[in-house]
Each structure stands twice: as C-alpha cells, then as structure tokens.
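# Overview (structure and organization)
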Amino acid sequence: MAYKRQIGRLPIVPADATVHNVVCHYCIVGCGYKAYTWDARYEGGTAPKDNAFGVDLSKQQDAETTAWYPPSMYNLVKQNGKDVHLVLKPDKDCVVNSGLGSVRGARMAEMSYSRQRNTELQRLTNPLVWRYGQLQPTSWDDALDLVARVTANVVAAQGEDALFVSAYDHGGAGGGYENTWGTGKLYFGAMKIKNIRIHNRPAYNSEVHGTRDMGVGELNNCYEDAELADTIVAVGTNALETQTNYFLNHWVPNMRGTSVDKKKKEFGNEAVDRARVVIVDPRRTVTVNACEIEAGKENVLHLAINSGTDLILFNAWLTYAADKGWVDRAFIAASTKDFDKAVAANKVSVADAAKITGVSEADIVKAITWIAEPKAGNARRRTMFAYEKGLIWGNDNYRTNQSLVNLALATGNVGRPGGGCVRMGGHQEGYCRPSDAHVGRPAAYVDKLLIEGKGAVHHVWGCDHYKTTLNAMEFKRVYKKRTDMVKDAMNSVPYGDRDAMVKAITDAIRQGGLFSVDVDIVPTKIGEAAHVILPAATSGEMNLTSMNGERRMRLTERYMDPPGQAMPDCLIAARLANHMERAFRALGKPDIAGKFTGFDWKTEEDAFMDGYHQHEKGGEFVTYARLRAMGTNGFQEPAVGLESTGAVAAGTSTGAPGEVLKGPAIEGARGKEPVQKDAPTLAGAAPTPPADTQRIIGTKRLYADGKFNAPDGKATFMPTQWRGLQAPGKQAEKDKFPYLINNGRANLVWQSAYLDVENELVMDRWPFPFIEMNPQDMAELNLKEGDLVEVYNDNGSTQAMAYPTPTAKRKQAFMLFAYPTGVQGNVVSAGVNEFIIPNYKQTWGSIRKISDAPAGVAHLTFKSKEYTA
Ligand SMILES: Nc1nc2c(c(=O)[nH]1)N[C@H]1C(S)=C(S)[C@@H](COP(=O)(O)OP(=O)(O)OC[C@H]3O[C@@H](n4cnc5c(=O)[nH]c(N)nc54)[C@H](O)[C@@H]3O)O[C@H]1N2
Ligand SMILES: Nc1nc2c(c(=O)[nH]1)N[C@H]1C(S)=C(S)[C@@H](COP(=O)(O)OP(=O)(O)OC[C@H]3O[C@@H](n4cnc5c(=O)[nH]c(N)nc54)[C@H](O)[C@@H]3O)O[C@H]1N2
Ligand code: SF4
Ligand SMILES: [Mo]
C-alpha cells in the first residue's frame, strides 16, 4: 500500500487508452504531460500488444523507464458521465521537461476531483447563494440572476466605477486565453471597469513596467538559452523550488557541462565551458545548494545581499563594466539609445555598493567579471539574466527592474543565443483582453479603496486575497464588516422575493456594505465573505490554452468532467453577460444592455476563436486543431506563419514540404499581461489557412533582429538612481522591528494551497507554514523546532512553525507565504511603489513563542533541506 495514497495496486494502461495532450496547470514552466484515460471496467495486460507502452511488463523495467507510473499519477474520474481510469504522466517527448515531473505536477491526477476515490471532494459543484443565514446550493439561473440584478442596479445608479473586480491575468489553472478573454470582454468590452485588480497585486498594472518601458518584453529568450549561456545570473528566484523542471532540465545540464557539445555546435570556435552561476538572494536557498553541487562550488557565487539592495549592486556592475569597456559597443550603437546618459546617471563605486549591499568588494568584482569580461579570443561573454519575485516584489520594483535590463543591454545579451533578460515567471501566461487603456497609470489602488469603504459590488475571479494580498489583516477586517452588513440585510427578507432582496442589498450597500461574488473551484477564505459563489471548471475539465516562460503555447485537452455543474470561467462570464443584458433591459436601459452582446459562446473554443484567434498577434494562425496536432511542444509565440507538413493541403498552399506561408510582419510580442495601450491589430489579410496539416511557425527568441518594442526599434537605457527603501513606511518598519520576515515559496506547496489543503501529503508535511530561523535566534526566544510562534508588527500578526535553519542569517527569517493556517501577508504593509506594485519581500517584524509544537507537528522532521553530492 502506497504511503497515504490508499492504493495497493495500479491498473496497466491498455494499448487502446485515449491519449490527451496536457500541460501541467501549475507553474510557468508548463511541463508537457499525457493523460491516458480508459473505461474503468478494464485494464491492459503485460504483453507488449496489450499495454500503451508497447513493452513486456512481465519483465523488470530499468530505472529510467517510461513504462511506469506511481500512485500520485493515477485517479478514477468521470469522463462524459462514465467512470474512467486516469493516468497523468510527464511526456518524455516534450522539450520543456523531457519526461520530468515535479512534486507538484506529478501529483496532478491525485489532486483531481474523484468521488470514487475521495480526492478533492471540497470542489464546488453548484452555485451557492447566501440564504437563511448560510451559503446554500442553487441553479445557475438563480445565482446569475441575483448577481446580474444587483450589479446592474448598482451600475445604473452609481456608474461602472462602483463595480470592483479582482481577476487573474495568467495561464494554467484559473486562467488561460479562453478565460482571460471571457472576463476581459465582460469588464473591458461590455463595460470599462477601472477599479479592477489582478490576482497578485492590488491594481491593474504590470509587474514589469520597468523593462517594458525600455522596449524590452520580459519573456524574450528560450529555455535553451540556459543551456547555452556562459554565465547565468539569477536574481531573487529560487528556481529549484519554483521553476523546477526549467532548472533541472535546462540549467543543470549547463552546470554539469553536458551541454558543452550543444554550445560548440551553436558557437563554432568560441571558447565554451560549463556554466558559472551568480545568485543574488539575501538567503541561502536550496537553489544555491543545488548549483554548488551541480556546477562545483568554484563556479557558483552567492551574493547574500542585504534585503532590498539589488539596485545599487546592478548600478555598480554597470559602472564597472562600462569603465572596463566590457560592453557591446556595436550592439549599443545599433539597437539602443541613451547609454552614456544612463551610465553617467547611475554611477556607483564598488565600495559604495559593498557598503549598502553588505557584499564584499571582491565578490562584486568577481561577479561582474564572470558576467561581462570578454572570453578568450575577445569573444563576448554570453550571460543570461533571470529574475523573479525577489526583484519584482522587492524594493523599488521599477528602477530595480530597469537597472538589471540596463546591464543586460550594455553587455549585448538580449536577443542573442545564451542570453536574455527575463522573468523566470510565476504561473503560465494566458493574457488576452480588450484594451485596458482606460485604467490609466498609476492604476487605482483597489485594496486601499475597498478599505476606505469605496465600491458597491465586488466580483472576484480565482484569487483569494484573504491569503495572498498585502496589508491582509486590515483588508480582511474591513471586508468582513462590509460584507456582513449585506448578509444581515439579506437575512431580513425572504430569499424568493427577488425585488425585496435586491432592494435590501442595495440599501445595505448605501450604508457602506459590499456585495461580494466569488468565482472559484473550491471554498476559499475570501469566499467566506461572499454572497454568491460560482463553481468553475478548471484545466483538464475544459480545453485550455496557455504559454510558458519561453512563450511556448499549447492546448490542454479536456480529459475529464468538471464536478457537478461547474463551468469554464469564460462561459460563466458569458452567461453573466447574458443576464446583465436582460437585467439592464428590465431596468429600462436598452442602450447599456446593448453592450452585453457577443457572448453567445457555447464552448471554450468559441471564446478562444473570439479572443485569441481574432485579437492576439499571430492569432489568426492558431486554432485548436493545429494546436492539438502540435502536441505538448506547441510553438513559441508569436505565431508568424504556417508551414505545410507536406500532407494534403488546399487553398493558398501548394503543400510542398517546408513551404512557408507568412503573415504580415509582426513586431516583437509583448508579454501576456496588461499593456496599457491598445494592442495593435495586424494590418492586411492573413493567408487563408488550408487544412489542419499545417504547422504553426513560432518565434524562438524575441529581438533576434536587434529591433525592440519602440517606434524606432531601439531599446532605451534608463536612469535608475538608488533611493533607499522606496515604499512608504518600510525604512521605519525596518528600524523598529528586529526580524526580517522574508517570505515566498516551497517546492511541495502550490500557491495558497487551495488544492493542497485537502491533501494529506502536503498538510502532513506543513500543518502550519514554516518559518526558517537561525538556531541562535531560536535559542534566544526559547524556541525548539516546531514550536508555534507569533509574527507581528504594526500591520498585523500571524503564526508559523519554527524551522531551525543553520544557514539562515541572524535576524533574517523566511516564512512560507499565503498559507491557510498562517497568512504571511497579515504583516506586510500597504506600502507600494509609484505604479502600485507591492513590496511583499521587505517586511520586518517581531517574533514570540505561542506554544510548544502542537500534536500535528511533533512527528515532523526538521532536518536541513540541503542535499550533498
Ligand atoms: N506575502 C506575499 N504575498 C504574495 C506573494 C509573495 O511572494 N509574498 N506573491 C504574490 C503572487 S506572485 C501571487 S501569484 C499571488 C497569488 O495569489 P492568488 O492568485 O490569490 O492565490 P492562488 O492560490 O493562486 O489563488 C488562486 C485561486 O484560484 C482558484 N482557482 C484555481 N483554478 C481555478 C479556475 O480554473 N477557475 C477559477 N475561477 N478559480 C480557480 C483557486 O482555488 C484559488 O482560490 O500571491 C501574491 N501574494
Ligand atoms: N513550488 C512552487 N512553485 C511556484 C509557486 C508556488 O506556489 N510553489 N508559485 C509560482 C508563482 S505564481 C510565482 S510568482 C513564482 C515565484 O518564484 P520565485 O520568485 O522564485 O519565488 P519566491 O519564493 O517568492 O521568491 C524568490 C526569492 O526571492 C528572495 N528574496 C527576498 N528578498 C529579496 C531581495 O531583496 N533581493 C533578492 N534578489 N531576492 C530576494 C527570497 O529569499 C526567495 O528565495 O513561483 C511559481 N512557482
Ligand atoms: S515544474 Fe511547474 S509546470 Fe513542471 S510539473 Fe512542476 S509545477 Fe508543473
Ligand atoms: Mo505569482
């Protein structure tokens, strides 16, 4: 019997199992999987002809066999109403992961809804409404009628600015092009909602305005570049735990030296060797540990900077490289502007940078030498710069982002093999929406407005601010109070008297109440405040398209039924739009009602064709049929044309193998998030795509032609002077409280643990969020491993479980974020940058003991997370 999986024997996948293309619905990496499904009454046999792997399973398989799967990759689910076996296993032929899974993705099957095997039974199956003092199931029409009537009433009376929206903007589960288009068409097409925020930040903006304003989109290279680079610079990314298979399948080979042949092939005579790695992170992560093991300690430099001081380090590097002449003059002249200006403005000595960052002068110089000093034969060093939330949610986001891009441009490392200056990424991407230009910059600080009592109705799509926002304690305090006012009002009238109900709600709103609608797949913490909850289908229960961190777009095919009446988000948005149209007509507002048209989609594919196919760059080349044919490898966005595969083709193609049909020239794709400008549409008609025998031609690297996103094609260097801890209140918080409460992710847990919370494997390991602490700090506070502590400051308080970590610096703790049994965001201040980007990482607080390790903790191991060679 497999540990905690209640299964002793797994069925053999039969030769005639149906195979579906799947992309892992969790992180940015977007690993390719295959879903095998077949009738639950049967299984395959050991003879090669009787199983899907075509091998003799009566013989012992070797260690690396693909003819195998573990219990975590198995479940028994519904497909078109029938019981089927489901095996969801990594695809060896996918170039992203080459068959690797991760401790998250490799458990997708067991994290699926199964009444037969009792997994994820907390999934929402019906719309729920607040009725008789609790949330009760109802029909879609009843729930949507209530939402539409209240929303339409409020919009008719107070205008669209009274409707507040929180919505994901990403790909994968709780996202995808279909669903961002569905929600986008509703809020930016039918309406022009301004008070809208994204799932992970309190406004509708970009995480990386900085790089975009320079003309450099943030996902500009390909994963292969990590195999080709001489040096990898990793800033605030813990890639082993958070972009796992990108790290394992593309960084590790380069660190081990096994991609040297690939480099020789690509670069001819140029000197090549295994990668060197520079890691900028205040904390020693397991990524640092893994790099040391794989590349050898001598090839890894961990710069454990003082929290929030990245910018001055990058400025010092730029200054040093410019002084030494380690810059790409030809590239700078041909493809950029304002280099000299930026170098002058950003001048910082190594000594000054050392003082502020806490890193030795020698290490700062060693790092820039690894990054920029020309190689033997004066060849330009190929350096890839990768950053994620340690920079993005770090101090002075805009300037810090730009100071890193300055260095990448100066060293000629954008648009070149082995280079790139890229986000490592969070979720997959899947942004497709009408223009958000009306939102403006800076965008509204939505959380702040809600706390101030603004807003009348709040629609929440697939995010749980109670666990994941900043200033979370205050947010929850006010949000509960305001939504309780509406609940009390709803309790005062019969639910069935719809006119009286709508009046009671709108009256309560006038008193300061807030009507909250939550669209999710499971009950959430913010959902506890909701008046209506709408059940969504998720990836695999619907067809869903997304792109990964190298812009690789694939279709995940529906392989199982959603629970109960759950529907894809895009169709929920469409049905809500239909009801809004009706509600506005009933209110005698036919002109407003008329805006809610074009939502007659029957399937998610309809939403895709209406959205991505018509509106995204190169979208006219992309259809479900073509994506299906391109499997788990897909193509890299933007699509630039079609290529005949040589099979029967009609229309404009002659069908000759390798024949290329090109569309109009496409400028470098933007990243897939809000752009705050009208997305340019393609001029001219696209060639008529003949049959589905054509492959989509993609784009391996952006800016390979040296032309950037600017009218003159030139990237702009930016002045990025150091201004200390930039967000209001941060310096004072640091001065007042003894502990840095650094925070972020862990390998095992996906996000706010929305599925994990009902999974024994995860909850047994982390019944409470861990807080990594230096053992001497723990001794001072009289703490033993596993003891519960309170973390507190002027913003709020939360709890965690002490995890002794000898490598942690004194007074620098690291806490798991967004956890249901202890929300780190409770102690994060409301401080943001000038474009309303939160600063989650720079948080300081106090720590005190609450109790000895509780029962659920006593049996846990607290051994080091590091591994040895
Ligand atoms: N302190 C601190 N706070 C942070 C961060 C940090 O580093 N530190 N990081 C920030 C970042 S980068 C992120 S991404 C956010 C995450 O913040 P959230 O997006 O709020 O967190 P998730 O857990 O990803 O929540 C996703 C919700 O979507 C639901 N969901 C999943 N699939 C579907 C679907 O198909 N349809 C619908 N409708 N819902 C679905 C899940 O059940 C879950 O409730 O947290 C941010 N907050
Ligand atoms: N296992 C797992 N993987 C995930 C997720 C998950 O929930 N679990 N979530 C996904 C999502 S949505 C996201 S956005 C990504 C996030 O991916 P990452 O950004 O890699 O993850 P984090 O742990 O939030 O933060 C990374 C590092 O930033 C460091 N850091 C803190 N302060 C600073 C600073 O001042 N400077 C620098 N340079 N570094 C600093 C932290 O010590 C931490 O090691 O992960 C994705 N992948
Ligand atoms: S690395 Fe990311 S995409 Fe790949 S299996 Fe793990 S969670 Fe899924
Ligand atoms: Mo994220």
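Residues numbered from 1 in each chain as written. Chains lettered and ligands numbered in written order. Predicted model: local features only at pLDDT ≥ 70, side-chain atom pairs only at ≥ 80, totals over all residues. Heavy atoms only, no water.

## A few points about the nonpolar core
As a reminder, the rule being used: Nine residue types can take part in a nonpolar core, namely buried Ala, Val, Leu, Ile, Met, Phe, Trp, Tyr and Cys, and a core is a set of them joined through side-chain atoms within 4.5 Å. Accessible area is worked out with a 1.4 Å probe on protein chains only. A residue is then buried under 20% of its type maximum, exposed over 50%, and partly exposed in between. What makes two residues a contact is simply this: any of their non-hydrogen atoms within 4.5 Å.
Counting residues in each nonpolar core, the largest one holds 210 residues, and the members touching the most others are Tyr187, Trp251, Leu303, Trp317, Leu409, Phe515 and Val622. Apart from residues lying up to four places away in sequence, Val622 is in contact with Met553, Phe608, Tyr612, His613, Leu627, Phe635, Ala639 and Ile696. One finds Trp766, Phe770, Leu788 and Tyr803 within the second-largest nonpolar core, a separate group that totals 18 residues.

## Focus on the sheet that holds strand 3 (residues 74-79)
Quick reminder of the rule: Strand pairing is defined by DSSP finding a minimum of two bridges between the two strands. To qualify as a helix, a DSSP run of H or I must reach at least 4 residues; to qualify as a strand, a run of E must reach at least 2; elements of each kind are numbered from the N terminus. To get an axis, fit a line to the C-alpha atoms, keeping to the stretch in contact for a helix; angles then go from 0 to 180 degrees between the N-to-C directions.
Spatial ordering of the open sheet is given by 1-2-4-3, a layout of four strands whose pairing is antiparallel. The open sheet is flanked by strand 1 (18-23) and strand 3, the only strands paired with a single partner. Within the sheet, the average angular offset between the axes of one strand and its neighbour, ignoring direction, is 35°. In terms of strand pairing, strand 3 meets strand 4 (residues 82-90) through six bridges, oriented antiparallel. In the strand pairing of strand 4, Leu76 is matched with His85.

## Regarding the UniProt feature "domain: Molybdopterin dinucleotide-binding" (unreviewed entry) in the chain
This is how the line gets drawn: UniProt positions are given in the numbering used here, feature names are shortened, and annotations may be inferred rather than shown by experiment.
As recorded in UniProt, the feature "domain: Molybdopterin dinucleotide-binding" (unreviewed entry) lies at residues 741-828. Taken as a whole, residues 741-828 contains 14% helix and 32% strand, while its terminal C-alpha atoms sit 9 Å from one another.

## Things to note about the sheet that holds strand 10 (residues 276-280)
Taking strand neighbours across the sheet as the criterion, the five strands line up as 11-10-9-13-14 in an open arrangement whose pairing is parallel. The open sheet terminates on both sides in strands that have one partner only, identified here as strand 11 (300-303) and strand 14 (421-423). Direction aside, neighbouring strands of the sheet carry axes that sit 15° apart on average. Against the sheet, helix 9 (residues 310-324) contacts strand 9 (231-235), strand 10 and strand 11, and its axis sits at roughly 140° relative to strand 10.

## Let's talk about the site of ligand 3
This is how it is decided: By convention in this text, a residue qualifies as near a molecule or strand provided that one of its non-hydrogen atoms is within 4 Å of it. Gly is put with the polar residues, along with every residue not named as nonpolar or charged; the nonpolar set is Ala, Val, Leu, Ile, Met, Phe, Trp, Tyr, Cys and Pro, and the charged set is Asp, Glu, Lys and Arg.
Neighbouring residues of ligand 3: Cys24, Tyr26, Cys27, Gly30, Cys31, Tyr33, Ser102, Arg104, Gly105, Thr244 and Asn245. For the shell around ligand 3, the per-class residue count stands at five nonpolar, five polar and one charged.

## Focus on the environment of Tyr624
Within the secondary structure, Tyr624 sits in helix 23 (residues 624-629). For Tyr624, a relative accessible area of 0% gives the class buried. Placed 67 residues apart in sequence, Tyr624 and Glu557 show a C-alpha to C-alpha distance of 9.3 Å. In contact with Tyr624, other than residues within four places in its own chain, are Glu178, Asn543, Thr545, Leu555, Glu604, Glu605 and Phe608.

## Regarding the packing of helix 2 (residues 177-190) against helix 22 (residues 604-615)
We apply this condition: Reported orientations rely on four angle classes, namely roughly parallel under 35 degrees, roughly antiparallel over 145, roughly perpendicular from 65 to 115, and oblique for the rest.
For the pair helix 2 and helix 22, interaxial distance at closest approach is 8 Å and the crossing angle is 80°. With respect to helix 22, the element helix 2 is oriented roughly perpendicular. Residues Tyr177, Glu178, Trp181 and Lys185 of helix 2 form the contact with helix 22, whose own contacting residues are Glu604, Ala607, Phe608, Asp610, Gly611, Tyr612 and His615. Its residues assigned to classes, the contact of helix 2 with helix 22 shows five nonpolar, two polar and four charged.

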